[in-house]
Amino acid sequence: MTKEAPGFFDVDERLAELSAKGDDLERLNALVDFELFRPSLESAVPRGDRSKGGRPPFDHVFMFKILILQAMHALSDERCEYLIKDRLSFMRFLGLGLADAVPDANTIWSFREALKKADAVDALFARFDTALREAGFLAMSGQIVDATIVAAPRQRNTLEEKKAIRDGRIPNGWTDKPKKLAQKDRDARWTVKYSKAKPREDGSLPPVDLAIAAFGYKNHVSIDRGFGLIRKWTATHAAAHDGARLEDVLDRTNTASDVWADTAYRSAKNEAMLTRRGFVSRIHRKKPQGRPMPERVRIANAQKSKVRSAVEHVFALQKGPMALFVRTIGIGRARVKIGLANLAYNMRRFVFLKGKYATA
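Residues numbered from 1 in each chain as written. Predicted model: local features only at pLDDT ≥ 70, side-chain atom pairs only at ≥ 80, totals over all residues. Heavy atoms only, no water.

### Looking at the packing of helix α7 (residues 105-118) against helix α15 (residues 331-358)
Running from N to C, α7 and α15 point in directions that differ by 105°, and their axes come no closer than 9 Å. Judged by the angle between their axes, α7 and α15 are roughly perpendicular. Residues W109, R112, E113 and K116 of α7 form the contact with α15, whose participating residues are G332, R333, V336 and K337. Class assignment for the residues of the contact of α7 with α15 results in two nonpolar, one polar and five charged. (Axes fitted to C-alpha atoms, helices over the stretch in contact; angles between N-to-C directions. Helix = DSSP H or I, 4+ residues; strand = E, 2+ residues; numbered from the N terminus. Parallel < 35°, antiparallel > 145°, perpendicular 65-115°, else oblique. Contact = heavy atoms within 4.5 Å. Nonpolar A, V, L, I, M, F, W, Y, C, P; charged D, E, K, R; others polar.)

### Notes on the side chain of D129
Along the chain, the position of D129 falls in helix α8 (residues 121-134). Here D129 falls in the buried class, since its relative accessible area comes to 10%. Those residues in contact with D129, other than ones at most four positions away along the chain, are I230 and R231. (Buried < 20%, exposed > 50% of the residue type's maximum accessible area, 1.4 Å probe, protein only.)

### Things to note about the nonpolar core
L28, F34, F37, F64, L115, L343 and M347 are the most contacted members of the largest nonpolar core, which totals 73 residues. Residue contributions to this core peak at 12 residues, all from α15. Grouped together as the second largest cluster of nonpolar side chains are 12 residues, L246, L250, V259 and A261 included. (Core = buried A, V, L, I, M, F, W, Y, C linked by side-chain atoms within 4.5 Å.)

### Side note on the layout of surface pockets
Volume-wise, the largest pocket comes out at about 1200 Å³. Elements with a contribution of two residues or more to the lining of the largest pocket: β1 (143-151), β2 (189-195), β3 (210-224), α13 (295-308) and α14 (310-319). The leading source of residues in the lining of the largest pocket is β1, at six residues. Residue composition of the lining of the largest pocket, grouped by class: 17 nonpolar, seven polar and 13 charged. (1 Å grid on protein atoms, 1.4 Å probe; cavity = no way out; pocket = protein on both sides within 12 Å on 5 of 7 lines; lining within 4 Å. Points joined across faces, edges and corners; volume = space filled by probe spheres on them.)

### Quick look at helix α5 (residues 77-86)
Those residues of α5 lying buried are D77, C80, E81, L83 and I84. Looking at the buried positions of α5, the neighbouring elements they touch are α4 (60-73), α6 (88-94) and α7.

### Comments concerning the environment of W109
Position of W109 among the secondary structure elements: in helix α7. Of the residues examined, W109 reaches a relative accessible area of 37% and is grouped as partly exposed. Here the alpha-carbon distance between W109 and R298, two residues 189 residues apart in the chain, equals 49 Å. Not counting residues within four places of it along the chain, the set of residues in contact with W109 comprises D77 and R333.

### Focus: empty space enclosed by the protein
It is a probe the size of a water molecule, rolled over the atoms, that shows where empty space is left. In the structure shown here, the tally under the stated rule is two cavities of 30 Å³ or more. Computed from the structure, the largest cavity encloses a volume of approximately 130 Å³. Taken together, 14 residues line the largest cavity, and the ones lying closest to its centre are Q70, A71, A74, F325 and K337. Taken together, the residues of the lining of the largest cavity break down into 10 nonpolar, one polar and three charged. The computed volume of the second largest cavity comes to approximately 50 Å³. If you trace the second largest cavity, you find it lined by W109, R112, E113, K116, T328, R333 and V336. For the lining of the second largest cavity, the elements supplying multiple residues, two or more each, are α7 and α15.

### Topic: the packing of α14 against α15
Pairs of packed helices are described in terms of their axes, by the angle between the two and the distance that separates them. The interhelical angle for the contact between α14 and α15, taken along N-to-C directions, is 110°, at an axis separation of 11 Å. With respect to α15, the axis of α14 lies roughly perpendicular. Of the residues in α15, those touching α14 at V314, L317 and Q318 are A341, N342, Y345 and R348. Considering only residue class, the contact of α14 with α15 consists of four nonpolar, two polar and one charged.

Structure below.
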C-alpha cells in the first residue's frame, strides 16, 4: 500500500461509509430531540459566575449526550474520554470536529455527580416518557413488572464488617482511614439467586436447586405490554425483596389494568393493593407447600409466562450489548447509573419502534 497525504474530504468520506453501514448513533441523533432535556439539565447543573474569566463550560445537552454514550456502551469516565477522541461515530453524535476540545474524565464525573446531588434522573426520564407519548407510543395493553440484579465490584470485608454494614454502622477502624472508607460501598448487598432444579429423566428432582451469589443493586421496572418501553422504575440494593416494590413501579397511565409478574410479587398485601387501585392481577401463583401444582394453575401460569417473558428482553439488552454494571459507590450514584441505563434503553427502543412502524 502506498501512503498518501490525508485529503480535505477524507473524514467526510469515512463518515459517509459509516452511514452506509448503519450508524445507530446517527439514527438516534436524528430521531431524538435532545434539546427537550435542557430545562431539567440547566436546573440541575447551574453554571457559576464567569465574570472573572476562565474556560467556558461545556454545554449541558452536550454533556448529557456523553452520559447517554456511557450508558449505551458501559464506559468508565476514562474510557469514554478516550473513545470520544478515537471514534468518528462518537464525535459526529456529539457534534465535535477533530480539533474540538473533549471533556476529560473528571469533567464527566463532575457533571454526573451534579445530576446525582440534584436528584434529576427522574425528571429526565419523565421528560422522555412524555415525548414518547406525544409521538404516539402510549402505554397500552397492560404492564409487566420485574427486577434484575445489577452487579457492582465485590467488597472484601470480614464477617464483623459485614454485620456492622447490615446494621447501618461504619465498621471499626474505617473512620480512621478516610481513603479506605471512600472506596467501600456500604449500600450494595449480597444476595443469592436460585434457579429451580430441572427434573431428571426418571422424573425425580435433584437434591438442591442451583444457587448463584451476586453483589450489587437491583433495577426494578415496569414495561408496557404494547411497545415494551420502560414506564416506571426504581433502584435498590440487591437483597431487597421484589414484591415490596410493586406499588413503586406501577404505571397508572396504562390504558389497560392488567399487571403481569412472577411469583415473587404474589402476596395478600399486593393482591389487595392491586384490587384497591383498580388493577387486574395476572401474577403467577405459587406452588402449594408440600403438594403438587394443580393442573389448572400450571396451565394458567404457562399462559401468563408467554406475556411476562417480554420483560426479559429488556434485561437481556441491558446486560448484553449495554453491559450494565455499576462502577460507582453508593445507592445515590447507582441510581443515576441505572436510571440513565433505563433512559438509554428507551431511546434505543424508540429508534427501533420508529423504524418498525415506518416500514409497516
